Amino acid sequence: MTDLLGSLSSGSTGSGAGPDAPQCSRRGCRAAARWRLRWNNPRIHPPGRRKEWLACGEHRSWLEAYLNERGLWRETLPLGADDGAGDGGDAHA
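Everything quoted here is computed from the prediction, not taken from an experiment.

1. Here we look at the sheet that holds strand β1 (residues 35–39)
Part 1 of the argument: Ordered in space as β2-β1-β3, the 3 strands form an open sheet in which the pairing is antiparallel. Each edge of the open sheet is held by one strand with a lone partner, namely β2 (51–55) and β3 (73–78). With strand direction ignored, the average angle separating the axes of adjacent strands in the sheet is 25°.
Part 2 of the argument: Where β1 lies against β2, 5 bridges are found, and the strand directions are antiparallel. Residue pairing across strands places Trp-39 opposite Lys-51, the latter belonging to β2.

In structure tokens:
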């Protein structure tokens with residue numbers, strides 16, 4: 001999976017997201033993230049744990065489909081939304 005996805009490390013190529021702004025998790029994309037895709041791998045994670053990928057508007061559906069095909073996707077929320085779960089999910093896979 002890591003070869004398909006980028007990182008949330010700081011540094012920008014100048015396409016909208018600043019060095020401290022959350023960026024899309026799609027590999028090579030440096031656009032500002034707008035969505036939180038929450039997922040869980042039931043083979044290795046406890047049922048309540050949620051990991052997160054971030055997505056820009058352009059890559060949201062691609063990342064959702066990628067997770068759905070593998071049975072991992074749980075929900076998508078706007079980036080600013082706080083569901084209050086406090087489950088300690090990871091910000092990136």
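2. Looking at the pairing of β1
Part 1 of the argument: Buried residues dominate β1, accounting for 4 of its 5 residues.
Part 2 of the argument: Relative to β3, β1 is paired through 5 bridges, and the arrangement is antiparallel. Within β3, the residue paired with Trp-35 across the bridge is Pro-78.

What counts and how
Residues numbered from 1 in each chain as written. Predicted model: local features only at pLDDT ≥ 70, side-chain atom pairs only at ≥ 80, totals over all residues. Heavy atoms only, no water. Pairing = 2+ DSSP bridges. Helix = DSSP H or I, 4+ residues; strand = E, 2+ residues; numbered from the N terminus. Axes fitted to C-alpha atoms, helices over the stretch in contact; angles between N-to-C directions. Buried < 20%, exposed > 50% of the residue type's maximum accessible area, 1.4 Å probe, protein only.

The values reported here are purely geometric and, on their own, carry no functional implication.
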